[in-house]
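# Overview (structure and organization)
Letter by letter, the chains look like this.
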Amino acid sequence: MAEISVPYEYDAKPFEGMVVYDDSITTKRPAIFMQPDWFGVCRHTIDMAMDVAGQDYVVMIADMFGAGYGEREKTVEELGTAARGTRANVPFILGCGGVAHAALTAKADALGLIDTDKSAAIGYCMGGGFALEQARAGADFQATVVFHVTAPNPVDPETKTNIKGRVLALHGSNDPVTPAAQIAALEAELSEAEVDWQVTMFGHAMHSFCVEGANNPAGGQLYDKALCQKSYRMMRDFFAETF
């Protein structure tokens with residue numbers, strides 16, 4: 001698997017995303033824009049991107065926290081402060097997220113990797129909230145898939161939903177970070193906007209079921225390898241129906 005770093009700037013601050021793909025495949029593939037969790041671009045999220053990409057996709061990981069962020073050791077409190085601060089700043093999410101998407105897409109296209117007519121977004125945890133805000137603002141995603149999304153509802157409740165593509169949310173029934181009421185509100189929003197949406201609620205699953213190493217049942221966070229792979233199969237089926 002190849003890993004290509006992609007630098008870009010937003011508001012005079014340096015960021016560094018990454019394009020991940022199987023370099024043994026020569027055909028062009030759909031481009032999957034990935035908003036990772038609060039760890040940012042690091043070994044953990046790059047490995048997740050590789051798992052998603054396989055031989056079928058080119059995954060483009062956005063950096064929303066600044067170049068070098070993923071390499072630094074951080075406490076849970078520091079991670080939470082960075083993630084919540086970013087999630088509350090919709091202009092930044094749209095601005096930086098848009099620049100990330102453009103830069104990563106341009107690099108992948110220049111390398112001859114992607115079919116530019118096939119584009120989707122995925123997001124994990126807080127990154128799922130970022131991806132949804134971009135989709136709401138009309139980002140050119142034919143599909144958006146979020147895994148155990150954190151803060152899925154609009155920061156601004158007056159937001160006019162302009163989602164152009166389909167939406168799939170894969171969630172755990174025992175997720176205390178994003179309880180069922182927030183998912184129900186997302187469903188209502190998508191229905192009102194006449195979006196083609198699906199929500200799958202996995203019984204007994206906790207938050208972070210796709211985050212290898214998550215092991216805090218008391219805090220509602222627990223990795224589940226089998227469930228993660230099942231969710232990826234569902235994602236792939238969703239993309240196959242979309243493209």
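Below you will find a few notes about this structure. In every chain, residue numbers begin from 1 and rise along the written sequence. Per-residue local features are limited, in this predicted model, to residues with pLDDT of at least 70; the limit for side-chain atom pairs, both in listing and counting, is 80 or more; totals at the level of whole chains, interfaces and linings are taken over all residues. Side-chain numbers here rest on the full set of heavy atoms in the structure, without hydrogens or water.

Moving on: the environment of Ala53. Secondary structure is summarised from DSSP: a helix means a run of H or I of at least four residues, a strand means a run of E of at least two, and numbering begins at the N terminus for each. Mapped onto the elements of the fold, Ala53 is located in helix α1 (residues 43–53). Using a 1.4 Å probe on the protein chains alone, a residue whose accessible area is under 20% of its type maximum counts as buried, one over 50% counts as exposed, and one in between counts as partly exposed. Among the residues examined, Ala53 registers a relative accessible area of 0% and is labelled buried. Sequence separation between Ala53 and Met1 is 52 residues; the distance between their C-alpha atoms is 9.3 Å. It only takes one pair of heavy atoms within 4.5 Å for two residues to be counted as in contact. When residues no more than four places from it in sequence are discounted, the contact partners of Ala53 are Met1, Val20, Val59 and Arg236.

Quick look at the layout of surface pockets now. Cavity and pocket criteria rest on a 1 Å grid covering protein atoms alone: a 1.4 Å probe that fits but cannot get out defines a cavity, protein on both sides within 12 Å along at least 5 of 7 lines defines an open pocket, and an atom within 4 Å of a point defines a lining residue. Grid points are joined across faces, edges and corners, and a volume is the space filled by probe spheres set on the points. In this model, the largest pocket occupies a volume close to 470 Å³. Along its surface, the largest pocket is lined by 20 residues, and Trp38, Val177, His207, Ser208 and Gln221 are the ones closest to its centre. Here the lining of the largest pocket gets five residues from one element, more than from any other, and that element is helix α2 (residues 76–87). The residue inventory of the lining of the largest pocket, partitioned by class, reads ten nonpolar, seven polar and three charged. In this structure, the second largest pocket encloses a volume near 190 Å³. Residue lining of the second largest pocket: 15 residues in total, with Glu16, Val41, Cys42, Gly68 and Glu71 positioned closest to the centre. As a working rule, the residues Ala, Val, Leu, Ile, Met, Phe, Trp, Tyr, Cys and Pro are called nonpolar, Asp, Glu, Lys and Arg charged, and the rest polar, with Gly in that last group. Taken together, the residues that form the lining of the second largest pocket break down as six nonpolar, five polar and four charged.

What follows covers the packing of α2 against helix α4 (residues 126–136). Helix axes use the C-alpha atoms of the stretch in contact, all axes being lines fitted to C-alpha atoms, and the angles between their N-to-C directions lie in the range 0 to 180 degrees. Across the interface, α2 lies against α4 with an axial gap of 10 Å and an inter-helix angle of 10°. By the criterion of interaxial angle, the relationship of α2 to α4 is roughly parallel. Along this stretch, α2 crosses α4, giving a crossing that reads as left-handed. Two secondary-structure elements touch here, α2 through Ala83, Arg84, Thr86 and Arg87 and α4 through Met126, Gly129, Phe130, Glu133 and Arg136. In terms of residue class, the contact of α2 with α4 is built from three nonpolar, two polar and four charged. For classification, angles of less than 35 degrees are called roughly parallel, those exceeding 145 degrees roughly antiparallel, those between 65 and 115 degrees roughly perpendicular, and all remaining angles oblique. Less than a right angle of anticlockwise turn of the near helix away from the far helix marks a crossing as left-handed, whereas a clockwise turn marks it as right-handed.

Note on sheets: strands pair through backbone hydrogen bonds, and any given pair is parallel or antiparallel. Pairing between two strands is assigned when DSSP locates at least 2 bridges connecting them. The strand order across the open sheet formed by eight strands is β1-β2-β4-β3-β5-β6-β7-β8, and the pairing between neighbours is mixed. If you trace the sheet from one side to the other, it starts and ends with β1 (2–10) and β8 (197–202), each paired once. Between one strand axis and the next, the sheet turns through 20° on average, direction left out of account. Of the strands in this sheet, β3 (29–35), β5 (114–124), β6 (143–147), β7 (166–172) and β8 are in contact with helix α6 (residues 225–242), which crosses β6 at around 170°.

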